[in-house]
Each structure stands twice: as structure tokens, then as C-alpha cells.
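Residue-level structural notes
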Amino acid sequence: DAGVIQSPRHEVTEMGQEVTLRCKPISGHNSLFWYRQTMMRGLELLIYFNNNVPIDDSGMPEDRFSAKMPNASFSTLKIQPSEPRDSAVYFCASSLSSLAGDTQYFGPGTRLTVL
Amino acid sequence: AQKITQTQPGMFVQEKEAVTLDCTYDTSDQSYGLFWYKQPSSGEMIFLIYQGSYDEQNATEGRYSLNFQKARKSANLVISASQLGDSAMYFCAMREAGNAGGTSYGKLTFGQGTILTVHP
């Protein structure tokens, strides 16, 4: 079975450019999560969807960040305009549901570098 | 207050020896899940083992076991017979059931991680 798929795996862009990260969750999973990992702040939850509906976006840093989930098999995280401090690894994860006992499975991550 | 605390920034172990990675947590929920993930140098996050708050027995998965002490709010990971490939960052995480009145909310909160180095 395919795991969580993310693209691109690496992205290098210049400050001010728009960046779009993509995620395909595991088929049948109803919950999708976007995380950001940096050395300084560790792993942070940015936003969480349940049945394609955003449940909590309190972790989204600012208005430059937006996320969508138009259907059960696709989600995007967009940064516009990007800034050097957005450089990080962005993970997408999915789980069967939002129950406490459901494991979240992570994608390989997108390493974003903003110059 | 930190919800997940991993007090060991780095640990060293000899190949074939056992090692315990510490994790303590803080929650007022009765229902929660505890998870351990491994992150090798390649960067992916690999799920290792899960323990539910109502599980009476410690979870085991191959060479991994979770030493769950609910009263002390600790969920230590034990790796038996360490292998060179076990060298990685290890994260403890907790998923709380969330508020009872609304949509169940399964936010996963991570500790800061422990870097494990296995020596030959």
C-alpha cells in the first residue's frame, strides 16, 4: 500500500515567491495534518483537517500561509509570499480518524529553502 | 508547561545492548495515546509503537517495547539488542482525545527528541 505522498521533496525558491506543497494522504484516512520541523522549534502542527474540513489552523504562522483540502485525496499548503524564515521541512501526515488511538503516518517531507 | 518531555538530548549505546529512552507527559485527559517515532538522518518520520491510556499491558513491537507507568505519567521506549541502524532521532508524542463537547480533536504533540547513537 502506498504511504503518504508529498511533492516536491525539495524546493528552493527566492524570497517573495509563492510556494505550493502537495500531499496525498493514505487512501481511506479521514484526518490530515500539516507539520513544520525546524531545529529551533522542533515539530509544530500547522493545521489539521478532518473529512476535508479544517478543524484547527491555530498553528499557521500568519496570513502568508494557507492550506486547502478540496477532496479526500489531496491537500495543499501554500506560502505567499515566502520568506527565509519559512525554510524548514514540511511534513504531511494522515490517520484513519481523529481518535486518540489512531496512528498518524507521515510522508517523506518537503525540504523548503527560501533564499 | 511542556506536554511531552524528553530529558535526554543524546544517548549512546553499544551494539547488541538494550537502551531506554525516557519520556514523560502531562495531560488531564483520561483518554490519550502515546506514540514513538524514529527519524533517521534521511529525515522521514517512522512510526514505531503505540500505547493507549487504557491499555493495561505494555506495548511491544519486535525489539521495541514501551514501559508505560500511568501514575508517573511516563512512557519510556526500550530498544533491545541495539543495531547500528537504530542510530537516529527518537520522538515521543501524545495524542489527546480533546474536548468532549465538540469534534474529537487528535492533535499530536511531540517532545524535543533524543538522538541515539549505537556504537559497534
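See above for the structure.
Not measured: the values here are computed from a predicted model.

Conventions used here
Residues numbered from 1 in each chain as written. Chains lettered and ligands numbered in written order. Predicted model: local features only at pLDDT ≥ 70, side-chain atom pairs only at ≥ 80, totals over all residues. Heavy atoms only, no water. Pairing = 2+ DSSP bridges. Helix = DSSP H or I, 4+ residues; strand = E, 2+ residues; numbered from the N terminus. Axes fitted to C-alpha atoms, helices over the stretch in contact; angles between N-to-C directions. Disulfide = S-S within 2.5 Å. Buried < 20%, exposed > 50% of the residue type's maximum accessible area, 1.4 Å probe, protein only. Salt bridge = Lys/Arg side-chain N within 4 Å of Asp/Glu carboxyl O. Contact = heavy atoms within 4.5 Å. Buried area = accessible area lost by both parts, 1.4 Å probe. Polar contact = N/O pair within 3.5 Å; in protein donor to acceptor, adjacent residues only side chain to side chain. Phe/Tyr/Trp six-rings, centres within 6.5 Å; stacked < 30°, edge-to-face > 60°. Lys NZ or Arg CZ within 6 Å of the ring centre and 35° of its normal.

**Structural notes on the sheet that holds strand β1 (residues 5–7) of chain A**
All names here are of chain A. One open sheet accounts for 4 strands, arranged β1-β3-β8-β7; its pairing is antiparallel. Since the sheet does not close on itself, it has two edges, and those belong to β1 and β7 (65–71), each with one partner. The average angle at which neighbouring strand axes cross in this sheet is 15 degrees, direction not considered. Pairing geometry for strand β3 (residues 19–24) and strand β8 (residues 74–79), over 5 bridges, is antiparallel. Considered in β8, the bridge of Arg 22 is made with Thr 76.

**Let's talk about the state of the cysteines**
A complete count under the given rule lists 2 disulfides over all chains for this structure. Linked covalently through their sulfurs, Cys 23 of chain A and Cys 92 of chain A form a disulfide whose S-S length is 1.9 Å. Torsion about the S-S bond of the Cys 23 of chain A and Cys 92 of chain A cystine: about -65 degrees, corresponding to left-handed handedness. Of this pair, Cys 23 of chain A sits in strand β3 while Cys 92 of chain A sits in strand β9 (residues 88–95); the two residues are 69 residues apart in sequence, bridging distant segments of the chain. Here Cys 23 of chain A and Cys 92 of chain A have matching classes, each one buried. Between Cys 23 of chain B and Cys 92 of chain B runs a disulfide, and the two sulfur atoms are separated by 2.0 Å.

**Remarks on unusual backbone geometry**
Residue and element names in this part refer to chain A. Following Ser 7, the chain continues into Pro 8 via a peptide bond in cis, with omega recorded as -10 degrees. You can see Pro 8 is positioned in the loop between β1 and β2 (10–13). Residue Pro 81 is reached from Gln 80 by a cis peptide bond, and omega for that bond is -10 degrees. Mapped onto the fold, Pro 81 is located in the loop between β8 and β9. Notably, Asn 51 is not glycine yet its phi reads approximately 50 degrees, a positive angle.

**Describing the pattern of salt bridges**
Residue and element names in this part refer to chain A. Per the counting criterion, the structure on display carries 11 salt bridges over all chains. Note that Arg 64 is salt-bridged to Glu 62, the shortest N-O span being 2.9 Å. Judged by its relative accessible area of 28%, Glu 62 is partly exposed. Within this structure, Glu 62, Arg 64, Glu 83, Arg 85 and Asp 86 form a network of salt bridges that share partners.

**Here's the deal with the pairing of strand β10 (residues 88–96) of chain B**
Both faces of the sheet carry side chains from a regular strand, because those side chains alternate between them. Residue and element names in this part refer to chain B. Burial analysis of β10 places 8 of its 9 residues in the buried class, which makes it a mostly covered element. Bridge count between strand β5 (residues 32–39) and β10: 8 bridges; the pairing is antiparallel. Pairing of Tyr 37 across the sheet is with Phe 91, part of β10.

**Some details on the interface of chain B and chain A**
A common way to express how large an interface is: the accessible area buried when the components associate. With 22 residues of chain B at the contact, the number on the chain A side is 22 residues. With both chains or domains summed, chain B and chain A bury close to 1,700 Å², and 56% of this area falls on carbon and sulfur atoms. Taken together, the connections running from chain B to chain A amount to 0 salt bridges. Taken together, chain B and chain A are joined by 6 residue pairs in polar contact (both at pLDDT 80 or more). Looking at the side of chain B that touches chain A, the elements with two or more residues in it are β5, β6 (46–52), β10 and β11 (108–110) of chain B.

**Notes on the packing of aromatic side chains**
Across all of its chains, the model carries 14 aromatic pairs over all chains by this definition. On the basis of an interplanar angle of 50 degrees and a centroid distance of 5.8 Å, the ring pair of Tyr 37 of chain B and Phe 110 of chain B is categorised as tilted. One end of the pair, Tyr 37 of chain B, is in strand β5; the other, Phe 110 of chain B, is in strand β11, and 73 residues separate them in sequence. Like Tyr 37 of chain B, the residue Phe 110 of chain B is buried in the burial classification. Joined through ring pairs, the aromatic side chains of Phe 33, Tyr 35, Tyr 48, Phe 91, Tyr 105 and Phe 106 of chain A together with Phe 35, Tyr 37, Phe 47, Tyr 50, Phe 91 and Phe 110 of chain B make up one cluster. The lysine or arginine in question, Arg 63 of chain B, covers the ring of Tyr 64 of chain B, its NZ or CZ lying 5.7 Å from the ring centre.

**Quick look at the environment of Val 118 of chain B**
Residues and elements named next belong to chain B. With respect to the helices and strands, the residue Val 118 is situated in strand β12 (residues 114–119). Separated by 111 residues in the primary sequence, Val 118 and Thr 7 have C-alpha atoms spaced 19 Å apart. Setting aside its immediate chain neighbours within four residues, Val 118 contacts Val 13, Gln 14, Glu 15, Ser 82, Gln 83, Leu 84, Asp 86 and Ser 87.

Treat this as a map of the structure, not an account of what it does.
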